[in-house]
Amino acid sequence: MSLLSDLINLNLTDTTKKVIAEYIWIGGSGMDIRSKGRTLPEPVTDPAKLPKWNYDGSSTGQASGEDSEVILYPQAIFRDPFRGGNNILVMCDAYTPAGEPLPTNARYKAEKIFSHPDVIAEEPWYGIEQEYTLLRQEVKWPIGWPLGGYPGPQGPYYCGTGADKAFGRDIVNSHYKACLHAGINISGINGEVMPGQWEFQVGPVGGISAGDQLWVARYILERITEIAGVTLSFDPKPIEGDWNGAGAHTNYSTKSMRSDGGYEVIKQAIEKLKLRHKEHIAAYGEGNDRRLTGKHETADINNFSWGVANRGASVRVGRETEKAAKGYFEDRRPASNMDPYVVTSMIAETTILWKP
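Residues numbered from 1 in each chain as written. Predicted model: local features only at pLDDT ≥ 70, side-chain atom pairs only at ≥ 80, totals over all residues. Heavy atoms only, no water.

Details of the UniProt feature "domain: GS beta-grasp" (unreviewed entry) in the chain
What counts here: UniProt positions are given in the numbering used here, feature names are shortened, and annotations may be inferred rather than shown by experiment. Numbering goes from the N terminus for both helices and strands, where a helix is a DSSP run of H or I of at least four residues and a strand is a run of E of at least two.
As recorded in UniProt, the sites labelled "domain: GS beta-grasp" (unreviewed entry) are residues 19-99. Here residues 19-99 runs as 0% helix and 48% strand, with 27 Å between its end C-alpha atoms.

Written out as structure tokens, the structure is:
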């Protein structure tokens, strides 16, 4: 195994200018992250200078076998924490050979919103709190839990320390450092309320980059759990019963909200979110009805609410924002399996472009 590790960790910069680019894209389910690697003749830092590529869309649920070719358009570059050196990860979106975005290409639709002059002028920032659960590979049961049984009640696990409270910390810390190496603006990590569940935060990040960075952070986490032999779950309610679900709380602000008088702008934006509550819920992730029950720090899925420092509301405003009369708010409705391109662009569209 030492020879295998030596070969995996070979530094290519010692012998060649060539680099490996791992192209990443989202498959037909909307949550399956796919990737494949190719050799480039030299290092590249501008995605516009990368070649387009293709894949078999019939094997990802995105094309028929009779016309299976799908084209990858490189959109964002990150350093590769697995291969190191000048090797890169490339976030892509998918198009037909004729240049039409696939129906599953949420990035294309989000980019149209983020490129609107009114949205550009408001400089929307996002901070996404991605929760996830680590499961045993063979039985799909949270790591650290008795096999076929349950641990003690929730309480000691949130931000907990110790072998009987924190399960999977090596995976979490590996992911943290790998994201920093990649160039992702990961801003923190913590253990969550349910044992075996963790959270990382990406942001503040502006516009379309929030979606790019969260998807690549998810990809890196998938790769690390693959190495560790652990299954990664983004299910919004992985364990039924008196256990917290998993969300992707999305913190949001615009230039107007961050400026003097911004609190009134925040309240106006929240009122718009209230008026489009059903549309947002429909786009905020599959299975979210199992999570948004009005219990376990959630609001009921059918009723919109907001409050200051209220983690049982649909939208929470922080005490510091209230005190400063400007800042940001947190949309607590998105599920852990939400598409960040969809959620971030929809929040911008509703709060900036939509006219009630």
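What about the packing of aromatic side chains?
Applied cut-off: Under the pairing criterion, centres of Phe, Tyr and Trp rings, with the six-membered ring standing for Trp, must be within 6.5 Å; the plane angle then separates stacked pairs below 30 degrees from edge-to-face pairs above 60, leaving the rest tilted. Whether a residue is buried, partly exposed or exposed follows from its accessible area with a 1.4 Å probe, protein chains only, as a fraction of its type maximum: under 20%, in between, or over 50%, in that order. Think of it as a cone above the ring: NZ of Lys or CZ of Arg counts as a charge over the ring if it is within 6 Å of the ring centre and within 35 degrees of the ring normal.
Enumeration over the complete set of coordinates arrives at 13 aromatic pairs. Consider the rings of Tyr-23 and Trp-53, whose centres lie 5.2 Å apart with planes at 85 degrees: the pair is edge-to-face. Here the residue Tyr-23 occupies a position in strand 1 (residues 19-26), and Trp-53 occupies one in strand 3 (residues 53-56), the gap between them amounting to 30 residues. Of the two residues examined, Tyr-23 and Trp-53, each falls in the buried class. Its end group placed over the ring of Trp-215, Arg-218 keeps NZ or CZ at 4.7 Å from the ring centre.

Here's the deal with the UniProt feature "domain: GS catalytic" (unreviewed entry) in the chain
Look at the UniProt record and you will see "domain: GS catalytic" (unreviewed entry) annotated at residues 106-356. Regarding residues 106-356, the helix share stands at 38% and the strand share at 19%, and the terminal C-alpha atoms are separated by 24 Å.

Some remarks on unusual backbone geometry
Following Gly-203, the chain continues to Pro-204 via a peptide bond in cis, the omega torsion being 0 degrees. Its location among the elements puts Pro-204 in strand 8 (residues 197-206). One non-glycine residue, Ala-309, adopts positive backbone phi at about 60 degrees. In this fold, Ala-309 is placed in the loop between strand 11 (306-308) and strand 12 (315-317).

Notes on the side chain of Ser-345
Applied cut-off: Residue contacts are counted whenever heavy atoms from the two residues lie within 4.5 Å of one another.
Note on placement: Ser-345 falls in helix 10 (residues 340-353). According to the relative accessible area criterion, Ser-345 is buried, its value standing at 6%. Excluding residues within four positions of it along the chain, Ser-345 makes contact with Ala-110, Ile-113 and Phe-114.

Here's the deal with the pattern of salt bridges
Applicable threshold: Just to be clear on terms, a salt bridge is a Lys or Arg side-chain nitrogen sitting within 4 Å of an Asp or Glu carboxyl oxygen.
The final tally for this structure, using the stated rule, is 14 salt bridges. Note that Asp-260 is salt-bridged to Lys-326, the shortest N-O span being 3.0 Å. Taken together, the residues Asp-260 in the loop between helix 6 (255-258) and helix 7 (262-275) and Lys-326 in the loop between helix 9 (319-324) and strand 13 (329-331) connect sequence positions 66 residues apart. The exposed category is assigned to Asp-260, whose relative accessible area is 69%.

Regarding the nonpolar core
Using the following cut-off: Nonpolar cores are built from buried Ala, Val, Leu, Ile, Met, Phe, Trp, Tyr and Cys residues. Side-chain atoms within 4.5 Å join them into one set.
Core analysis: the largest hydrophobic core is formed by 62 residues, its most contacted members being Met-91, Tyr-132, Ile-184, Ile-220 and Phe-329. Counting residues per element, this core draws most heavily on helix 5 (residues 208-228), which supplies 10 residues. Trp-25, Leu-40, Val-44 and Ile-88 belong to the second largest nonpolar core, which has 16 residues in total.

Concerning the environment of Arg-258
As for its placement among the helices and strands, Arg-258 is situated in helix 6. Arg-258 sits 136 residues away from Glu-122 along the chain, and the two C-alpha atoms are 9.9 Å apart. Ignoring anything within four residues of it in the chain, the contact list for Arg-258 reads Glu-122, Glu-123, Trp-125, Ser-253, Lys-326 and Gly-327.

Describing the packing of helix 4 (residues 169-182) against helix 5
If you want to describe how two helices pack, look at the angle between their axes and the distance between the axes. Selection criterion: Only the stretch in contact is used when a helix axis is fitted, and all axes are lines through C-alpha atoms; the angle between N-to-C directions ranges over 0 to 180 degrees. We call two directions roughly parallel when the angle between them is under 35 degrees, roughly antiparallel when it is over 145, roughly perpendicular when it lies between 65 and 115, and oblique otherwise. We call a crossing left-handed when the near helix sits turned anticlockwise from the far one by less than a right angle, and right-handed when that turn is clockwise.
At a minimum axis separation of 10 Å, helix 4 and helix 5 run at an interaxial angle of 140 degrees. In terms of orientation, helix 4 and helix 5 fall into the oblique class. The way helix 4 lies across helix 5 gives a crossing that is right-handed. Across the interface between the two elements, Ile-171, Ser-174, His-175, Ala-178, Cys-179 and Ala-182 of helix 4 pack against Ala-217, Ile-220, Leu-221, Ile-224, Thr-225 and Ala-228 of helix 5.

As for the sheet that holds strand 1
Picture the strands of a sheet paired through backbone hydrogen bonds; they go either parallel or antiparallel. What counts is decided by this rule: Strands pair, by our definition, only if DSSP identifies at least two bridges between them.
Reading across the sheet, the five strands line up as 2-1-5-4-3 and stay open at both edges, with mixed pairing between neighbours. Edge positions in the sheet fall to strand 2 (33-40) and strand 3, since each has one partner strand and no second. The average angle at which neighbouring strand axes cross in this sheet is 40 degrees, direction not considered. Relative to strand 2, strand 1 is paired through eight bridges, and the arrangement is antiparallel. Its bridge partner being in strand 2, Ile-26 is matched across the sheet by Ile-33.

A look at helix 2 (residues 106-114)
Here is the rule: Comment: arc refers to directions from the helix axis out to C-beta atoms. Two N or O atoms form a polar contact when they lie within 3.5 Å of each other; inside protein one atom must be a possible hydrogen donor and the other a possible acceptor, and for residues adjacent in sequence the pair counts only when both atoms belong to side chains.
Ala-106, Arg-107, Ala-110, Ile-113 and Phe-114 are the residues of helix 2 that are buried. End-on, the buried residues of helix 2 take up no more than an arc of 120 degrees, which puts them together on one face. Where helix 2 is buried, its residues contact strand 4 (69-79), strand 5 (88-95), helix 3 (117-122), strand 6 (125-136), helix 5 and helix 10. Between a side-chain oxygen at the N-terminus of helix 2 and the backbone nitrogen of Arg-107 the separation is 3.2 Å; the capping residue is Asn-105.

A short note on empty space enclosed by the protein
Put simply, the test is: Only protein atoms enter the calculation, which uses a 1 Å grid: trapped sets of points that fit a 1.4 Å probe without letting it out are cavities, open sets showing protein on both sides within 12 Å along at least five of seven lines are pockets, and any residue with an atom within 4 Å of a point is a lining residue. Grid points are joined across faces, edges and corners, and a volume is the space filled by probe spheres set on the points. All residues other than Ala, Val, Leu, Ile, Met, Phe, Trp, Tyr, Cys, Pro, Asp, Glu, Lys and Arg, Gly among them, are scored as polar; the first ten of these are nonpolar and the last four charged.
All chains considered together, the criterion is met by two cavities of 30 Å³ or more. Roughly 50 Å³ of volume is contained in the largest cavity. Around the largest cavity, the lining residues are Tyr-157, Gly-160, Lys-165, Ala-166, Phe-167, Gly-191, Glu-192, Met-194, Pro-195, Gly-196, Gln-197 and Trp-198. Here the lining of the largest cavity is composed, by residue class, of six nonpolar, four polar and two charged. Classifying every residue of the lining of the second largest cavity gives three nonpolar, two polar and four charged.

Considering the layout of surface pockets
Roughly 530 Å³ of volume is contained in the largest pocket. In this structure, the largest pocket is lined by 29 residues; those nearest its centre are Gly-30, Thr-104, Ala-106, Asp-339 and Val-342. Going through the elements one at a time, strand 1, strand 5, helix 2, helix 8 (277-283) and helix 10 are the ones with two or more residues in the lining of the largest pocket. Across the lining of the largest pocket, the residue classes break down as 14 nonpolar, 10 polar and five charged. Empty space within the second largest pocket amounts to approximately 430 Å³. Surrounding the second largest pocket, 25 residues form its lining, Glu-129, Glu-131, Glu-192, Glu-199 and His-249 being those nearest its centre.

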